[in-house]
Amino acid sequence: MNEIIFSAVNLNKTYKQNDGRFGIREIKALENVSLHLRSGSTLAIVGESGSGKSTLARCLLQLLPLDSGVVYFEGKNLIGLDKKELRQIRRYLQMVFQDPFASLNPRLKVGQIVGEGLVIHGLGSASEQQSKVIRMLERVGLEESDMEKYPHEFSGGQRQRIGIARALVLSPKVVVCDEPVSALDVSIQAQILLLLKELQSEMNLSYLFISHDLRVVRHIADEVAVMFQGKIVEQGQVVDIYNNPNNEYTKNLLKAIPGNRVAY
Amino acid sequence: MNQLLKVSDLSISVAAELDKQLVKNISFSLQSGKTTCIVGESGSGKSLTALSIMGLLSKQLKRVSGQIDFQGEDLTKLDGLALQKIRGGRIGMIFQEPMTSLNPVLTIGYQIGETLTQHLGMKGKLLKDKVDFLLEQVGIPSNRANSYPDELSGGQRQRVMIAMSIACEPAMLIADEPTTALDVTVQAQILKLLHELKGRMNMAMLFITHDFGVVSDIADDVVVMFRGEIVEYGKVNDVLGNPSHPYTKALLACVPDADGKKALKPIDYSWINEFKGA
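Residues numbered from 1 in each chain as written. Chains lettered and ligands numbered in written order. Predicted model: local features only at pLDDT ≥ 70, side-chain atom pairs only at ≥ 80, totals over all residues. Heavy atoms only, no water.

**Student:** An account of the sheet that holds strand β6 (residues 91-94) of chain B is needed here, citing residue identities and associated values.
**Tutor:** Strand pairing in a sheet takes place through backbone hydrogen bonds and is either antiparallel or parallel in direction. Residues and elements named next belong to chain B. Strand order in the open sheet formed by six strands is β6-β7-β8-β3-β9-β10, and the pairing between neighbours is mixed. What marks the edges here is a single partner per strand, and that holds for β6 and β10 (229-235). Going from strand to strand, the sheet's axes swing by 15° on average, the running direction of each strand aside. Judged from the four bridges that link them, β6 and strand β7 (residues 172-176) form a sheet pairing that is parallel. Looking at the pairing, glycine 92 lines up with leucine 173 of β7. The strands touched by helix α1 (residues 46-53) within the sheet are β3 (35-39), β7, β8 (204-209) and β9 (221-226), with β8 carrying the most contacts at an inclination of about 145°. In the packing of helix α9 (residues 246-254) onto the sheet, contacts are made with β9 and β10, and the angle to β9 comes to roughly 95°. (Pairing = 2+ DSSP bridges. Helix = DSSP H or I, 4+ residues; strand = E, 2+ residues; numbered from the N terminus. Axes fitted to C-alpha atoms, helices over the stretch in contact; angles between N-to-C directions. Contact = heavy atoms within 4.5 Å.)

**Student:** Give a detailed account of the nonpolar core, specifying residues and quantitative values.
**Tutor:** One finds Ile164 and Leu199 of chain A together with Ile162 and Phe207 of chain B to be the most contacted residues of the largest nonpolar core, which totals 110 residues. By residue number, the principal contributor to this core is helix α6 (residues 184-201) of chain B, which donates eight residues. Contact partners of isoleucine 162 of chain B, with chain neighbours within four places excluded, come to Ile94, Val138, Ile190, Leu193, Leu194 and Leu197 of chain B. The next biggest cluster of nonpolar side chains, apart from the first, holds 31 residues, and it includes Ile12, Ile91, Met93 and Met225 of chain B. (Core = buried A, V, L, I, M, F, W, Y, C linked by side-chain atoms within 4.5 Å. Buried < 20%, exposed > 50% of the residue type's maximum accessible area, 1.4 Å probe, protein only.)

**Student:** Outline the interface of chain A and chain B, listing residues and values.
**Tutor:** Bring the parts together and some accessible area is lost; that lost area is often taken as the interface size. Taken together, the contact between chain A and chain B spans 27 residues of the former and 31 residues of the latter. Of the roughly 2600 Å² buried between chain A and chain B, counting both surfaces, carbon and sulfur atoms make up 59%. For the interface between chain A and chain B, the tally reads one salt bridge. Of the charged contacts, one joins arginine 215 of chain A and aspartate 211 of chain B as a salt bridge, the two residues approaching to 2.8 Å between their closest N and O atoms. Applying the counting rule to chain A against chain B returns six residue pairs in polar contact (both at pLDDT 80 or more). Mapped onto the side of chain A that touches chain B, the elements with two or more residues apiece are α6 (186-203), α7 (214-220) and α9 (248-255) of chain A. Take the side of chain A that touches chain B: its biggest share by element is seven residues, from α6 of chain A. Residues that form the side of chain A that touches chain B fall into these classes: 13 nonpolar, nine polar and five charged. (Buried area = accessible area lost by both parts, 1.4 Å probe. Salt bridge = Lys/Arg side-chain N within 4 Å of Asp/Glu carboxyl O. Polar contact = N/O pair within 3.5 Å; in protein donor to acceptor, adjacent residues only side chain to side chain. Nonpolar A, V, L, I, M, F, W, Y, C, P; charged D, E, K, R; others polar.)

Rendered as structure tokens:
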């Protein structure tokens, strides 16, 4: 088995919600969450809306502050790093978002969107950056001429390709994919999943793949962690969990996959 | 068998450019107590088909040909008022977004009752009892009748939508992606509920979805649409088990299975040119 590249130990995160005149209500979004991601593999986080999947993704990348817990990337603790150090590390930790319509700046051209990370991190000269962007766009199935276009000129699937190019142009090591295919048609979904898989083996990427679709997870993931109300209730190899779920909630989740007629 | 709905030769165009056809000469039928699923990708014309049956096409679109026979009546010949009587009465409807299809400032009990007052003139105690009965039918305790939509979860809101749509005991229910916005466990519950209600009320269901898993769970017949045309139409076991059209085959090959045994294959669109030629 490959070495662990990214791990989290005992993460806790509480949201405070103003509950009208009754004061403040606390919602535990993450409760003692621990996980390990192995280099070159895919760990899927599954669960229903509100189970804390997206909070977990954001906390892992230090986009949201944690209440307690530690996050290690290549043996280095990310908690307590200052902004400058975090920015250097973020180059290796990238994210692909769910909504390809909301996650691309409508006022930037595709070339600028994909190249922005290279500029921020000061990687290479302007011409090197440009050729890198072109190569990346071509790799995800777009063309050089698309650099001069704006996001609204693309379909949902193409926009998701732009989002992937933006994340991967920096040659990251860990990519957090937050429901990357749930807004797409099933035919486009298959294209994007296959693209993600190809890129994973070419670039030796490790994916943290957040999804509520267990059929998709079955295809893309090596390991899976099931979240329920802020806790990980079960985790392990995909094959084991799908064939022999131990937790009651996991069983229900698997039973609810459409296409089994088990519900009736 | 009792044929309830017969759509023949239906075409829909953009009103400003009549040669721009969005739905092209489609025909299918629906029997009482049966479920027909319309599947296809976004933009294939599935929702337009449903909207035109209910006479709810937007003004920018126009039905250019076709008949829609419902219980022996051609819906295309009816005026707005007559159609309004049928909608919510003999034809029930559920939409994708339960969050946006309910009025946030009215209680759910009022909104369910509105349909009954409108179509059947029910009032007072009789109305209240019927609303309570409907809520229980869809699995919401009747003491929630005074709740507002924002006090309910997504699944409960969709249950309220279902209660509204079946209030007048429609002969046919049109459901446009009713579970797409819901979690998978809630989806299973809602599908089960619709399935049970359909059996209990001998209702016909026209169910629009893009999820083949859902299709295999609930459909009797399947209509596969691609770019405004029906490419395949038949019994669920035939269409899913032994698809004859290359598009259906390609679309099925894109669906990940829960066993992970099947290799995913994106659609190869090269055959489309042949399809156009034929």
